Amino acid sequence: MFLSSVSQHASAVEVYQGVESVLLLCEVPAGVASDSTAAVWDREELRTPTVHVHLQSGDDFKDQNSRYTNRTSLRADALQTGNLSLTLRNPTVSDSGTYTCTTRKHGRDLSKIHVQLKVTEHPPPPPPPPPPPPPVWPIVLFALLVPVVLLAAAFGVFMYPRYKMMKMRKDYPLEMVEVEQEEKSVLLPFKIDEEEDVPQDVKVEWKHQNMTVHVYQNNEHQHLLQNQDHRDRTEMNEDPLRNKDFSLKLKDPQLRDHGGYTCTIYNKGGYILLQKVFSLNVTAGDGGGDTGEGVCPAAL
């Protein structure tokens, strides 16, 4: 094989896959080009190595590798000017390799130039920048509000039964009762309306000042809880809850019985549902030796 004095050299081209085209440079002296009958581009590692053939009469595609169909071109005046650069359109990664630009005259090689092509895929786009950190104040505010909300909820749970009991509680006005000492008994009346709702597990307690006068609890009259001064002297309705009559009969009234009496009805939790206060005034009869002078007025 004869080569002219044109030196052989190699160049390298690197592009990304997806570009419109890439130019493989090949330039020879105009005299060499014009004396040539063909400019041939080939790639020797392929089974069909011919990439592009350009004759003095124009391009010749009959021996071209099919993978380059409609993808290659040279200048129309390539063999007149010596600019034999190859334009390769839509290069792909599989197009990477060594390309040889050869000038020939009747099958004899006049010059060779090698071009190394490297086609690479586009690098992945850079990851988006991380989002800015959330502001700190909502976290701080949330951390402060949670205990407050929990505390308020706990307080509400604690206070609701008490509020409900306070709404249910009913206080009756003070009632004055007067009796003479000679009377066999005196009644402190406490009967509620039929529509009043009283649970069955209540405790009814009558007190004279700080002394327990009478207790009804667990559907029984608890006589053992009475103060000694009132033992066997008090009486209530046998079934006060059914009749809704919590009146107290005090037998054999004495001067020492004067003063304030309170009837309190508690629910099972110890909250007051109903309450009524009486002022009992026990006076000495006209025929008695004691005129009642010096007796203190009723006190609550």
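Residue numbers restart at each chain and count upward from 1, following the sequence in its written direction. Owing to the predicted nature of the model, reporting of local features is limited to residues with pLDDT of at least 70; listing and counting of side-chain atom pairs is limited to 80 or more, with chain, interface and lining totals taken over all residues. Derived side-chain values reflect all non-hydrogen atoms in the structure, with water molecules and hydrogen atoms excluded from consideration.

(A) Region of the structure containing the overall build of the protein. In this description a helix means any DSSP run of H or I spanning at least four residues, a strand means any run of E spanning at least two, and both kinds are numbered starting from the N terminus. Secondary structure summary: the protein contains four helices and 19 strands in total. Long-range contacts, defined here as pairs at least 24 residues apart, represent 60% of the contacts in the protein between residues at least 6 apart. Summed over all atoms, the accessible surface of the protein reaches about 18300 Å², with 56% contributed by carbon and sulfur. Any two residues having at least one pair of non-hydrogen atoms within 4.5 Å are treated as being in contact. Computed with a 1.4 Å probe, the accessible areas rest on the Shrake-Rupley method; for each residue, only the protein chains presented here act as cover.

(B) Highlighting the nonpolar core. By size, the foremost hydrophobic cluster in this structure holds 27 residues, and its most contacted members are Phe190, Trp206, Phe246 and Leu280. Only strand 11 (175–180), strand 12 (185–188), strand 13 (203–208), strand 14 (211–217), strand 17 (248–251), strand 18 (259–266) and strand 19 (272–283) provide two or more residues apiece to this core. The dominant element in this core, judged by the number of residues it contributes, is strand 19, at five residues. If you look at the next biggest cluster of nonpolar residues, it comprises 24 residues, including Leu24, Leu46, Leu74 and Val115. Within this scheme, the nonpolar core is defined by two criteria: the residues are buried Ala, Val, Leu, Ile, Met, Phe, Trp, Tyr or Cys, and they are joined through side-chain atoms within 4.5 Å. Residue exposure (1.4 Å probe, protein chains only): buried if accessible area is under 20% of the type maximum, exposed if over 50%, otherwise partly exposed.

(C) Region of interest: the sheet that holds strand 2 (residues 21–24). The three strands lie next to each other as 2-7-6, forming an open sheet whose pairing is antiparallel. Bordering the open sheet on either side are strand 2 and strand 6 (72–73), each of which pairs with just one other strand. DSSP-based pairing: two strands are paired if at least 2 bridges between them are found. Strand direction decides the pairing type here: strand 6 and strand 7 (residues 86–89), joined by two bridges, are antiparallel. Bridge pairing in strand 7 links serine 73 to threonine 87.

(D) Focus on the sheet that holds strand 12. If you trace the three strands from one edge of the open sheet to the other, you get 12-17-16, paired in antiparallel fashion. Two strands lie at the open edges of the sheet, namely strand 12 and strand 16 (234–236), each paired on one side alone. Each strand of the sheet is rotated relative to its neighbour by a mean of 20 degrees, with strand direction disregarded. Structural elements are reduced to axes, namely lines fitted to C-alpha atoms, with helices fitted over the stretch in contact, and the angle between N-to-C directions of any two is expressed from 0 to 180 degrees.

(E) Structural view of the state of the cysteines. Two cysteine sulfurs form what is called a disulfide whenever their separation falls within 2.5 Å. Tallied over the full model, the rule gives one disulfide. Between cysteine 26 and cysteine 101 runs a disulfide, and the two sulfur atoms are separated by 2.2 Å. In this structure the cystine formed by cysteine 26 and cysteine 101 twists about its S-S bond by roughly -75 degrees; its chirality is therefore left-handed. A residue pair is termed long-range when its members are at least 10 positions apart, and cysteine 26 in the loop between strand 2 and helix 1 (30–35) and cysteine 101 in strand 8 (residues 97–105) qualify at 75 residues. Cysteine 101 carries the same exposure label as cysteine 26, and that label is buried.

(F) Representation of the packing of aromatic side chains within the structure. Stacked, tilted and edge-to-face pairs are distinguished by plane angle, under 30 degrees for stacked and over 60 for edge-to-face with tilted covering the rest, among Phe, Tyr and Trp rings (Trp via its six-membered ring) whose centres lie within 6.5 Å. Under the definition given, this model contains four aromatic pairs. Centroid distance tyrosine 172 to phenylalanine 190: 5.1 Å. Interplanar angle 75 degrees. Geometry classified as edge-to-face. You can see tyrosine 172 sitting in the loop between strand 10 (170–171) and strand 11 and its partner phenylalanine 190 sitting in the loop between strand 12 and strand 13, a full 18 residues away along the chain. Each member of the pair, tyrosine 172 together with phenylalanine 190, is buried.

(G) Examining unusual backbone geometry more closely. Here glutamine 209, not a glycine, exhibits a phi torsion of approximately 55 degrees, which is positive. Overall, glutamine 209 belongs to the partly exposed group, its relative accessible area being 48%. Phi at aspartate 232 takes a positive value of approximately 65 degrees, unusual for a residue other than glycine.

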